[in-house]
Number of protein chains: 2
Amino acid sequence: MRANRKKALRNQLIRDDILDAALHLYTRDGYFNTSIHDIQREAGVSIGSIYNNFGGKEAVAKALYGQLVGHMENVVDAIASKHATAHNRCRAVVEVLFDMTERETETVGFILNAKHKEFLPDEPPICSSQPFVKLRDMIQAGIDAGQMRPMDPWVAAACTFGPALRMIQLRLDGMIAAPLPDYLDELWLHSWRTVGVDPVPEDLR
Amino acid sequence: MRANRKKALRNQLIRDDILDAALHLYTRDGYFNTSIHDIQREAGVSIGSIYNNFGGKEAVAKALYGQLVGHMENVVDAIASKHATAHNRCRAVVEVLFDMTERETETVGFILNAKHKEFLPDEPPICSSQPFVKLRDMIQAGIDAGQMRPMDPWVAAACTFGPALRMIQLRLDGMIAAPLPDYLDELWLHSWRTVGVDPVPEDLR
DNA sequence: GTTCTTGATATGAACATTCATTATAAACTA
DNA sequence: TAGTTTATAATGAATGTTCATATCAAGAAC
């Protein structure tokens, strides 16, 4: 029993090593420029281990994708349960995304920037994955509650998160030198003016 | 002389056929899922022609990239010389991008969505290419002229074009069913409220 | 306690395939 | 004639995948 747990732990470590290496190489070089051999070298495991644990090149990407989407979903859920109003929720989403862009750059890059359709053709597009659906629900709820202007939900979503996502992309591309959180207040003040009924509260400007 | 021109013309036709095929396949399947043989078949030319005219796989992508960036630059230049105020210029940019997304879907997809860094590692990032630089200059001029709120230029650019770019991405991903121009007025009304000093003129709402 | 057996996993050289590129000769064009 | 296109085949490097073997932990037999 104890032995099994130990074994399972070691197993988990190897899986994590592989996924860590894959994330690193995918975000640096792209999926197609990353060979199984590269991952094997970077992770310090054998090729066989990758096939034993995942099954193949695409399966590694799929597992990584699932893990990170799950992570994003947890983040969104945490925000939704912590904040009540549409304004506070949406602002928290942008705040967390900006923080994550600095702290977990590779995660954000892989989730927001990678073209999954090209290497995971069977996965639904990222926009229809759980965390993104929940973001849209968040906005729809805000409109229904009269906290956001009545407008097409897609337009509302694009106006609410579009500017922030653009900033993230520019930051990931090395165009913006300063950490994103530095821009949070200014950006959000303007973003919310677009969609919000009430202005941004004084203490968040 | 006349003969040379005819020859050059035929030559140009072949080159265009190759680039058209490449654009089509790149946007549908991605660069790495598109082989030279795929392009050759789709274009109805021989492999030799591709190597004679371009030199190799990456060179095709590079030529295509250059052509489309040049096209975008012309579009931006035309807008800049046709309109005078920051508002009219920026709105025209969004309008043209929305139209192009419907009419030249593949061009827009390749320019805005493709990860060029992965297959053209020597090219500078798209954000620092001429047309994008000119867009930022456009915004900076608007701020200097007092037509746009004084704010960080990156934030201004993200607020001005971020929502529109997000809409384009959603449309390209098949999330939005209606043609983008249907959303133009509503989106721009909200976008401009974010960054403009004066409101959107009556006749453009 | 020592040795043997077992099951699960790790290893990495070998294999098979893909695919960019080169080569070649015949047909075509100016 | 000289240059280009075409059609086809050949080449070889890159790389995804397989599999026989090695490793090792945990009991079983003695």
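Since we're looking at a predicted model, the values are computed, not measured.

**Here's the deal with the overall build of chain A**
Part 1: Check the secondary structure of chain A and you find 10 helices and 0 strands.
Part 2: Along chain A, helices (α) and strands (β) appear in the sequence α-α-α-α-α-α-α-α-α-α when read from the amino end.
Part 3: Each of the 205 residues in chain A was classed as buried or not, and the buried ones make up 44%.
Part 4: Of the contacts formed within chain A by residues at least 6 apart in sequence, a portion of 66% connects residues at least 24 apart.
Part 5: For chain A, the distance from the average position of its 23 positive side-chain charges to the average position of its 27 negative side-chain charges is 6 Å.

**Considerations on the layout of surface pockets**
Residues and elements named next belong to chain A.
Part 1: What the second largest pocket holds in volume is close to 180 Å³.
Part 2: Lining the second largest pocket we find Ala78, Ile79, Lys82, His83, Asn88, Arg91, Ala92, Glu95, Val96 and Leu204.
Part 3: Elements with a minimum of two residues in the lining of the second largest pocket: helix H4 (57–82) and helix H5 (86–103).
Part 4: For the lining of the second largest pocket, the element with the highest residue contribution is H5, accounting for 5 residues.
Part 5: Class assignment of the residues belonging to the lining of the second largest pocket gives a composition of 5 nonpolar, 2 polar and 3 charged.

**A few points about the pattern of salt bridges**
Part 1: If you walk through the whole model with that rule in mind, you get 16 salt bridges over all chains.
Part 2: For Glu73 of chain A, the salt bridge goes to Lys134 of chain A, with nearest N and O atoms at 2.9 Å. In this pair, Glu73 of chain A sits in helix H4 while Lys134 of chain A sits in helix H8 (residues 130–144), placing the two residues 61 residues apart along the sequence.
Part 3: A salt bridge links Arg28 of chain B to Asp29 of chain B; the nearest nitrogen and oxygen atoms lie 3.0 Å apart.
Part 4: With relative accessibility at 25%, the residue Asp29 of chain B sits in the partly exposed group.

**With respect to the domain arrangement of chain A**
Residue and element names in this part refer to chain A.
Part 1: As far as domains go, chain A holds domain 1 (1–55) and domain 2 (61–204).
Part 2: On a C-alpha basis, the centroid separation for the pair domain 1 and domain 2 is 29 Å.
Part 3: Across the contact, 10 residues belong to domain 1 and 11 residues belong to domain 2.
Part 4: Carbon and sulfur atoms supply 75% of the area buried between domain 1 and domain 2, which totals about 900 Å² over both sides.

**Notes on the packing of aromatic side chains**
Part 1: Within the structure shown, the criterion is met by 15 aromatic pairs over all chains.
Part 2: Centroid distance Tyr31 of chain A to Phe32 of chain A: 5.0 Å. Interplanar angle 90°. Geometry classified as edge-to-face.
Part 3: Classification of Tyr31 of chain A by relative accessible area gives buried; the value is 7%.
Part 4: Aromatic pair Phe110 of chain A and Phe119 of chain A: ring centres 6.2 Å apart, planes at 40°, arrangement tilted.
Part 5: The class for Phe110 of chain A is buried, based on a relative accessible area of 2%.
Part 6: Look at Phe119 of chain A and you get buried, because its relative accessible area is 6%.
Part 7: Pairwise contacts between aromatic rings join Tyr26, Tyr31, Phe32, Phe110 and Phe119 of chain A together with Tyr26, Tyr31, Phe32, Phe110 and Phe119 of chain B into one cluster.
Part 8: Its end group placed over the ring of Tyr31 of chain A, Lys57 of chain A keeps NZ or CZ at 4.5 Å from the ring centre.

**With respect to the environment of Trp188 of chain A**
All names here are of chain A.
Part 1: Mapped onto the secondary structure, Trp188 falls in helix H10 (residues 184–195).
Part 2: In sequence terms Trp188 and Lys82 are 106 residues apart; their C-alpha atoms lie 19 Å from each other.
Part 3: Once you skip the residues sitting within four places of it in the chain, Trp188 turns out to touch His87, Cys90, Arg91, Val94, Thr160 and Val200.

**Details of the interface of chain A and chain B**
Part 1: Taken residue by residue, the interface counts 38 residues in chain A and 38 residues in chain B.
Part 2: Between chain A and chain B, the buried area comes to about 3400 Å², and carbon and sulfur atoms account for 68% of it.
Part 3: Of all residues in chain A, Trp154, Arg166 and Met175 of chain A give up the largest surface area on contact with chain B, accounting jointly for 17% of the area buried on that side.
Part 4: Linking chain A with chain B are 7 residue pairs in polar contact (both at pLDDT 80 or more), by the criterion used here.
Part 5: At the level of secondary structure, the elements contributing two or more residues to the side of chain A that touches chain B comprise helix H1 (2–29), helix H7 (116–119), helix H9 (153–172) and H10 of chain A.
Part 6: Looking at the side of chain A that touches chain B residue by residue, the classes come out as 19 nonpolar, 9 polar and 10 charged.

**Considering the relation of the copies chain A and chain B**
Part 1: In the superposition of chain A on chain B (RMSD 0.1 Å, axial shift 0.0 Å), the rotation amounts to 180°. Both copies of the chain, as the preceding transformation shows, are related through a two-fold rotation axis. In terms of proximity to the rotation axis, the leading residue of chain A is Gly162 of chain A, whose C-alpha is 2.4 Å off the axis.
Part 2: Mapped onto chain B, 100% of the interface residues of chain A again fall at the interface, so both copies present the same surface.

Here is what the cut-offs are and how they apply
Residues numbered from 1 in each chain as written. Chains lettered and ligands numbered in written order. Predicted model: local features only at pLDDT ≥ 70, side-chain atom pairs only at ≥ 80, totals over all residues. Heavy atoms only, no water. Helix = DSSP H or I, 4+ residues; strand = E, 2+ residues; numbered from the N terminus. Buried < 20%, exposed > 50% of the residue type's maximum accessible area, 1.4 Å probe, protein only. Contact = heavy atoms within 4.5 Å. Lys, Arg positive; Asp, Glu negative; His and termini not counted. Charge placed at Lys NZ, Arg CZ, Asp CG, Glu CD. 1 Å grid on protein atoms, 1.4 Å probe; cavity = no way out; pocket = protein on both sides within 12 Å on 5 of 7 lines; lining within 4 Å. Points joined across faces, edges and corners; volume = space filled by probe spheres on them. Nonpolar A, V, L, I, M, F, W, Y, C, P; charged D, E, K, R; others polar. Salt bridge = Lys/Arg side-chain N within 4 Å of Asp/Glu carboxyl O. Domains from an automatic or database assignment. Buried area = accessible area lost by both parts, 1.4 Å probe. Phe/Tyr/Trp six-rings, centres within 6.5 Å; stacked < 30°, edge-to-face > 60°. Lys NZ or Arg CZ within 6 Å of the ring centre and 35° of its normal. Polar contact = N/O pair within 3.5 Å; in protein donor to acceptor, adjacent residues only side chain to side chain. Least-squares fit on C-alpha atoms with pLDDT ≥ 70 in both.

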